[in-house]
Amino acid sequence: MARIDDSFSTQAKTEGKAGPRLLGRLGLGFARSISIILLFVCWEMAARSGAVTTFMLPSLSLVAEWIWSDAVSGDLLINTGATLYRAIVGFLIAAIGGIVLGMAMSRSAAVSWLFDPIISVGFPMPKIAFLPVVILWLGLYDISKISMVVLDAIFPVVTATIIGIKGVDREIIWSARNMGANDREVMWQIVVPAALPQILTGLQVSLPIALIVAVVTEMMMGGYGLGGSMMTASRFAQSPGVFAGIVEIAAVGFCLVKGMAILRRRLLLWHQEALEPSTV
Amino acid sequence: MSHKAQIVIEGVTHSYRPPVGRTVVALEDVSLTVNEREFIALLGPSGCGKSTLLYLLGGFLPIESGRIMIDDKPVAGPGPDRGIVFQHFALFPWKTVRKNVLYGLERQNFSQDEREKRAQAFIDLVGLSGFEDSYPSQLSGGMKQRAAIARTLAFDPRILLMDEPFGALDAQTRSLMQTELLDIWNKTRKTVIFVTHDVQEAVYLAERVAVMTARPGRIKTIVDTRFDKNDPDIFKAKPFIEKVDEIWHLVRDEAIKAQGKRVR
Amino acid sequence: MKRALFRYLPLVLLALGWEAASRLELVSSLALPPLTSVIAAWIELIQSGELVTNGLSSIYRGAAGLFLSIIVGAALGIFMAWWRPLNVLLNPLVELFYPMPKSALIPVTVIWLGFGDGSKILLIFLGCMLPITIGAFNGARSSDQVLVWSARSMGASRLRMLWDVVVPSALPEMLNGIRTALALSFILLVSSELIVARQGFGYLIGFLGANGSYEAMFAVVLTVAFLGFAADRGYQILMQRLLRWRE
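On a predicted model such as this, the values are computed, not experimentally measured, just so you know.

> Can you explain the interface of chain B and chain A? Please cite residues and give values.
Taken together, the 23 residues of chain B in the interface contact 18 residues of chain A. In total, about 2,000 Å² of surface goes out of reach between chain B and chain A, with carbon and sulfur atoms giving 67% of it. If you sort the residues of chain B by the area they bury against chain A, Trp94(B), Tyr103(B) and Arg107(B) come out on top, with a joint share of 31%. Our count for the chain B to chain A interface comes out at 1 salt bridge. Run the count over chain B and chain A and you get 8 residue pairs in polar contact (both at pLDDT 80 or more).

Laid out in structure tokens, this is it:
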């Protein structure tokens with residue numbers, strides 16, 4: 001039975017029974033769909049049963065209608081686009097900044113000393129608490145949202161980069177030096193590729209964080225975006241809108257995570273453990 | 001065999017100072033001379049510092065006291081004149097076998113064409129033809145070690161430093177690789193410094209065996225092990241067995257001492 | 001002791017830099033009030049009782065939600081590992097909901113339970129359950145087969161075996177899952193209180209900010225941030241104690 005992770009491919013290895021892989025794949029795909037279909041069916045039944053009001057639990061069809069009209073009117077695209085823009089821009093800044101900082105901290109004892117307590121103390125802090133401060137400084141524009149995303153998303157990247165670089169086998173570095181590589185070549189041609197699996201893990205943790213923070217900042221500040229539109233719907237007591245938002249955000253989150261997993265597999269073809277890490 | 005002394009190690013002492021815990025003296029006042037084109041083995045119990053000596057020769061660790069001269073020049077860092085082969089292969093896992101072998105060649109003055117030809121020649125030499133485009137994770141232990149050897153030989157170092165290269169392989173692969181290494185050495189005639197804790201391996205491969213003491217390591221004795229290695233039944237031949245026995249007794253005391261120190 | 005001081009010295013420098021930058025008007029002292037006035041405001045808040053009242057409200061919500069999610073999440077994870085049919089049924093749902101930002105549930109919980117404690121507790125309960133379930137599941141799965149077999153051969157009933165063997169070996173991964181959930185609970189708590197609350201840390205921060213009492217706002221922000229840090233550290237120590245037998 002599969003460990004819970006995001007990979008569709010592990011099921012083939014874990015079923016343990018002999019049998020054509022394709023059938024195994026279909027079997028699991030079937031099992032997945034069954035659960036989801038079951039969920040939808042229960043939802044619809046519960047909604048129609050009258051046990052709860054339509055307000056508390058709008059029926060699946062109502063929610064689907066809402067999503068559809070959003071899609072048709074173009075609102076869905078605008079909102080999704082806005083949220084994705086903020087999340088991804090923030091994520092990219094955090095990724096590049098985090099990797100650079102991680103590299104700097106690995107190379108220089110002074111830089112490491114300076115930033116280490118900031119990182120180890122800052123990591124478990126609910127940095128979302130700083131949102132009002134960021135708004136105070138930067139106003140109610142996208143830049144505050146993106147800054148918040150960067151603030152939250154950079155920590156896992158830095159930590160993963162440091163772990164990755166520290167974990168590089170010294171014999172590999174020595175071999176490269178043996179063959180005449182200088183410091184710069186060792187860093188970029190040897191250390192970075194060797195640390196890549198760990199760095200990618202950090203990025204995989206960071207991306208969902210970026211999305212969460214983008215959504216929360218939108219809820220707080222309103223306006224365009226999936227978070228903002230959900231808050232608007234809730235203020236006008238339009239519960240199908242609220243549920244629609246959940247479905248939309250869940251879908252976006254799902255796609256981003258899957259996309260990242262595919263990217264990882266592509267980049268790490270050579271890696272023995274081609275499995276994605278368990279995402280706890 | 002009047003080859004000139006190529007490597008001169010004099011009075012080398014080396015300690016490890018971990019950030020927590022006591023300082024460990026790995027080598028104490030080690031002196032040794034290695035001649036050009038010689039195959040010499042460094043033999044000793046675990047922890048005797050033989051690998052440390054190799055790393056000092058390779059320039060991977062700084063020389064704190066004593067000196068190491070190679071061709072009358074002091075060692076000042078790693079370089080392609082001394083090629084190293086590690087026990088755990090140290091191949092670059094994100095590169096194919098071919099790319100691994102090419103890495104050393106890229107830093108030398110070969111044309112693109114020559115590089116490709118050389119790389120292929122050495123891949124063939126170690127018997128990995130057909131696996132040029134495989135990744136290390138797809139190879140067996142023995143194949144990985146061959147790839148590592150091909151990679152090191154390709155940039156033509158005059159000195160080969162080998163750190164228990166066959167230690168991670170199973171017994172059959174190991175003995176195959178030993179014969180192949182001797183073969184390659186006979187063809188290329190490089191100076192080889194071979195670290196091992198296996199007495200039979202040392203006597204079979206080397207012309208001289210330097211037996212080291214338990215930590216802190218120094219050279220205890222140097223035994224001559226030159227004789228005809230072409231005999232296919234050499235492991236059963238009388239002179240061979242006697243040599244192994246002689247050296248085994250020298251090592252045994254050190255091995256016991258090494259254990260005793262740990263028990264304390 | 002000396003090492004700890006050296007390690008955290010950059011933070012001290014940061015604090016000094018803050019004070020200096022603010023007092024010397026290198027940055028607007030309105031946007032960044034001096035650290036000393038923030039501390040003064042903090043003391044005032046304690047004395048007036050505002051910080052404590054709101055703080056207790058937040059802590060109650062967080063603890064309640066987390067407690068529920070631990071109980072239900074761990075039980076769910078262990079039973080999913082124990083009984084195949086349950087796993088087959090629920091696994092796809094877990095995979096589906098794991099990447100969803102739990103903060104998306106904020107409006108829903110408000111619709112259901114309003115602005116008060118209930119919605120926050122429900123939010124934290126739902127949001128924090130998954131990491132714990134996954135941790136418990138993975139931990140129970142890796143429960144050493146040998147341990148299970150030897151327990152079986154000694155005649156342990158299935159339920160007994162669950163308690164004596166599976167739960168202890170599931171502990172490390174489950175505890176890690178709880179650690180993730182702990183951090184997540186703070187995030188969800190603060191987020192929801194910033195947006196939709198009439199009490200609590202997040203509400204207080206928003207209130208003070210709207211009022212222009214920036215020193216006080218900073219004080220509460222730092223309090224919450226520090227509590228999050230302290231909770232994590234404290235939990236780590238607890239984890240080490242619980243896992244001592246492992247090493």
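> Break down unusual backbone geometry for me, citing the residues and quoting the values.
Residues and elements named next belong to chain B. Between Arg-215 and the following residue, Pro-216, the backbone shows a cis peptide bond with an omega angle of -5 degrees. Looking at where Pro-216 falls in the secondary structure, it is placed in the loop between β9 (208-212) and β10 (219-224). Its identity as a non-glycine residue notwithstanding, Asp-29 has a phi of 50 degrees, on the positive side. Note on placement: Asp-29 falls in strand β2 (residues 24-35).

> So what's going on with helix α4 (residues 84-97) of chain C? Which residues, and what values?
Residue and element names in this part refer to chain C. Over its 14 residues, α4 extends 20 Å from the first C-alpha to the last, a length consistent with the 20 Å expected when each residue adds 1.5 Å. Most pronounced at Leu-90, the bend in α4 amounts to some 35 degrees, and the proline Pro-92 follows within four residues. Along α4, the positions that sit buried rather than exposed are Asn-87, Leu-90, Asn-91, Pro-92, Leu-93, Val-94 and Glu-95.

> Describe in detail the side chain of Ser57(C), supporting the description with residues and values.
All names here are of chain C. Relative to the assigned elements, Ser-57 resides in helix α3 (residues 50-82). Looking at Ser-57, the relative accessible area reads 9%, which means it is buried. The contacts of Ser-57, once residues within four sequence positions are left out, are Asp-117, Gln-199 and Gly-200.

> Explain the arrangement of the chains to me, using residue names and the numbers behind them.
By number of contacts, the leading pair among the 2 pairs of chains in contact is chains A and C. Between chain B and chain C there is no contact, and the shortest C-alpha to C-alpha separation is 13 Å.

> With reference to specific residues and values, describe the packing of aromatic side chains.
Using the criterion set out here, one finds 21 aromatic pairs over all chains in the structure. Ring geometry for Phe40(A) versus Trp43(A): centroids 6.4 Å apart, planes at 55 degrees, classification tilted. A residue pair is termed a helical-turn pair when its members lie 3 or 4 positions apart in one helix, as Phe40(A) and Trp43(A) do in helix α2 (residues 21-49) at 3 residues. With a centroid separation of 5.9 Å and an interplanar angle of 50 degrees, the aromatic rings of Phe166(B) and Phe194(B) are classed as tilted. Remark: Phe194(B) occurs in strand β8 (residues 191-196) and Phe166(B) occurs in the loop between β7 (159-163) and α5 (171-188); sequence separation between them is 28 residues. Classification of Phe166(B) as buried rests on a relative accessible area of 1%. Grouping aromatic residues by their ring pairs yields a cluster made of Phe40(A), Trp43(A), Phe243(A) and Trp112(C). Its end group placed over the ring of Tyr103(B), Arg107(B) keeps NZ or CZ at 4.1 Å from the ring centre.

> Requested: an account of the layout of surface pockets, with residues and values cited.
As a volume, the second largest pocket reaches approximately 1,500 Å³. For the second largest pocket, the lining is made up of 37 residues, of which Met125(A), Phe130(A), Leu14(C), Trp18(C) and Leu222(C) are closest to its centre. Sorting the residues of the lining of the second largest pocket by element identifies α5 (109-122), α6 (131-138) and α7 (142-166) of chain A together with α1 (2-23), α2 (35-48) and α10 (214-242) of chain C as the ones contributing at least two each. For the lining of the second largest pocket, the element with the highest residue contribution is α10(C), accounting for 7 residues. Looking at the lining of the second largest pocket residue by residue, the classes come out as 33 nonpolar, 3 polar and 1 charged.

> Run through the sheet that holds strand β5 (residues 73-74) of chain B, naming residues and quoting values.
Residue and element names in this part refer to chain B. One open sheet accounts for 4 strands, arranged β2-β1-β4-β5; its pairing is antiparallel. At either margin of the open sheet sits one strand with a lone partner, and together these are β2 and β5. Bridge analysis of strand β4 (residues 65-70) against β5 gives 2 bridges, and the strand direction is antiparallel. Considered in β5, the bridge of Ile-70 is made with Lys-73. Along the sheet, helix α1 (residues 50-58) makes contact with β1 (5-16), β2 and β4, crossing β1 at roughly 120 degrees.

> For the interface of chain A and chain C, give the residues involved together with the corresponding values.
Contact with chain A, which involves 52 residues of that partner, is made by 63 residues of chain C. Carbon and sulfur atoms supply 76% of the area that chain A and chain C bury against each other, a total of about 5,500 Å² over both sides. At the junction of chain A with chain C, the criterion picks out 1 salt bridge. With its nearest N and O atoms 3.1 Å apart, the salt bridge here joins Asp116(A) to Arg7(C). In this structure, the connection of chain A to chain C is made through 3 residue pairs in polar contact (both at pLDDT 80 or more). Among the elements of the structure, α2, α5, α6, α9 (183-221), α10 (226-235) and α11 (239-267) of chain A are those that each provide at least two residues to the side of chain A that touches chain C. Among the elements that take part in the side of chain A that touches chain C, α11(A) stands out by supplying 9 residues, more than any other. Residues that form the side of chain A that touches chain C fall into these classes: 40 nonpolar, 7 polar and 5 charged.

> Mind laying out the packing of α3(C) against α4(C), listing which residues take part and the relevant values?
Residues and elements named next belong to chain C. As a packed pair, α3 and α4 sit with axes 7 Å apart at the nearest point and diverge in direction by 125 degrees. It follows that α3 is oblique to α4 by the angle criterion. Contacts between α3 and α4 involve Leu-76, Phe-79, Met-80 and Trp-82 from the first element and Arg-84, Leu-86, Asn-87, Leu-90, Asn-91 and Val-94 from the second. Of the residues assigned to the contact of α3 with α4, the class counts are 7 nonpolar, 2 polar and 1 charged.

> Kindly report on the sheet that holds β9(B), identifying the contributing residues and their values.
Residue and element names in this part refer to chain B. Read from one edge of the open sheet, 6 strands run β6-β7-β8-β3-β9-β10, paired in mixed fashion. Across the chains shown, the open sheet's two edge strands, defined by having one partner strand only, are β6 (82-85) and β10. Averaged over all adjacent pairs, the angle separating strand axes in this sheet is 20 degrees, with direction ignored. Here β6 runs beside β7; their pairing, made up of 4 bridges, is parallel. Note that in β7 the partner of Ile-84 across the bridge is Leu-161. Packing of α1 onto the sheet brings it into contact with β3 (39-43), β6, β7, β8 and β9, and relative to β7 it is tilted by some 150 degrees.

> Explain the confidence of the model for chain C to me, and be specific about the residues and the numbers.
Per-residue confidence for chain C gives a mean pLDDT of 85; residues scoring 70 or more make up 91%. Reported for the predicted complex are a pTM of 0.83 and an ipTM of 0.89.

> Could you give an account of the confidence of the model for chain A, with specific residues and numbers?
Residue and element names in this part refer to chain A. This prediction gives chain A a mean pLDDT of 83; 86% of its residues lie at or above 70. Counting interchain partners and residues more than four positions distant, the pLDDT-below-50 stretch residues 1-19 has 43 contacts. For the stretch residues 273-280, pLDDT sits under 50, and the model shows 26 contacts to residues farther than four places along the chain or on other chains.

Conventions we followed
- Residues numbered from 1 in each chain as written.
- Chains lettered and ligands numbered in written order.
- Predicted model: local features only at pLDDT ≥ 70, side-chain atom pairs only at ≥ 80, totals over all residues.
- Heavy atoms only, no water.
- Contact = heavy atoms within 4.5 Å.
- Buried area = accessible area lost by both parts, 1.4 Å probe.
- Salt bridge = Lys/Arg side-chain N within 4 Å of Asp/Glu carboxyl O.
- Polar contact = N/O pair within 3.5 Å; in protein donor to acceptor, adjacent residues only side chain to side chain.
- Helix = DSSP H or I, 4+ residues; strand = E, 2+ residues; numbered from the N terminus.
- Expected span 1.5 Å × (residues − 1).
- Bend = angle between axes of the 7 residues up to and from the residue.
- Buried < 20%, exposed > 50% of the residue type's maximum accessible area, 1.4 Å probe, protein only.
- Phe/Tyr/Trp six-rings, centres within 6.5 Å; stacked < 30°, edge-to-face > 60°.
- Lys NZ or Arg CZ within 6 Å of the ring centre and 35° of its normal.
- 1 Å grid on protein atoms, 1.4 Å probe; cavity = no way out; pocket = protein on both sides within 12 Å on 5 of 7 lines; lining within 4 Å.
- Points joined across faces, edges and corners; volume = space filled by probe spheres on them.
- Nonpolar A, V, L, I, M, F, W, Y, C, P; charged D, E, K, R; others polar.
- Pairing = 2+ DSSP bridges.
- Axes fitted to C-alpha atoms, helices over the stretch in contact; angles between N-to-C directions.
- Parallel < 35°, antiparallel > 145°, perpendicular 65-115°, else oblique.
- pLDDT = per-residue confidence, 0-100.

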